[in-house]
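Structural features, examined
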Amino acid sequence: GGLGVAAGILQRHGEEPDGKAPAPKRIAAQLLPGESLAFRYPGDEDRAVAVRMDDGTLVGYSAVCTHLACAVLWRKDRGTEGELYCPCHEGVFDARTGEVTAGPPPRGLPKVALTELDDGSVWAVGTTRSGESIEAGLCRQLGDD
Ligand code: FES
């Protein structure tokens, strides 16, 4: 699964930085169920959002709307599991997949791979293109594709 791969990448990156993958970045001391966090990744200009679902699943996405680049927010009060919502033109993305469910965005949100360490800290460890799996994105960054 994505988290297992991400954990391996984090370890591998620490051992042999190859300059292709974005550096792992600690984004939170912890993230509890029902919480979300806005952060910047991979660069200091790149808006991103992390969400911990009520069932414990951790997801991360670019928070730059694929329509006209407004900031996407997690709205816990919408849908059954919350939605990623763009207020500019009411674009809506599935919180579990990042796929478009309503409004004008032409593509889903690129994912940000997240992993957790034993101390509960949450780290961003890579990015994907829109519609790409986390595994494919990390392999591409590492030059394995
Ligand atoms: Fe997000 Fe238009 S910029 S829906």
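Higher on the page you've got the structure.
Scoring rules and cut-offs
Residues numbered from 1 in each chain as written. Predicted model: local features only at pLDDT ≥ 70, side-chain atom pairs only at ≥ 80, totals over all residues. Heavy atoms only, no water. Pairing = 2+ DSSP bridges. Helix = DSSP H or I, 4+ residues; strand = E, 2+ residues; numbered from the N terminus. Disulfide = S-S within 2.5 Å. Buried < 20%, exposed > 50% of the residue type's maximum accessible area, 1.4 Å probe, protein only. Polar contact = N/O pair within 3.5 Å; in protein donor to acceptor, adjacent residues only side chain to side chain. Contact = heavy atoms within 4.5 Å.

**Details of the pairing of strand S2 (residues 36-40)**
Direction of pairing for S2 relative to strand S3 (residues 47-52): antiparallel, over a ladder of five bridges. Across the sheet, the residue bridging to Ala38 is Val49, located in S3. The loop that links S2 with its antiparallel partner S3 comprises six residues.

**Some words on the state of the cysteines**
Applying the stated criterion across every chain yields a total of one disulfide. Here Cys70 connects covalently by a disulfide to Cys88, the sulfurs 1.9 Å from one another. Given an S-S torsion of about -90°, the disulfide between Cys70 and Cys88 has left-handed geometry. Of the two residues, Cys70 is situated in the loop between strand S4 (58-62) and strand S5 (73-75) and Cys88 in the loop between strand S6 (83-86) and strand S7 (91-94); the sequence distance between them amounts to 18 residues. Looking at Cys88, the relative accessible area reads 37%, which means it is partly exposed.

**Notes on the side chain of Glu83**
Its place among the elements puts Glu83 in strand S6. Residue class for Glu83 comes out buried when judged on its relative accessible area of 19%. Within the structure, Glu83 has its side chain in polar contact with the side chain of Arg78 (distance 2.8 Å). If sequence neighbours within four positions are ignored, Glu83 has contacts with Leu73, Trp74, Arg75, Arg78, Val92, Phe93 and Ala95.

Geometric descriptors of this kind do not, in isolation, establish any biological role.
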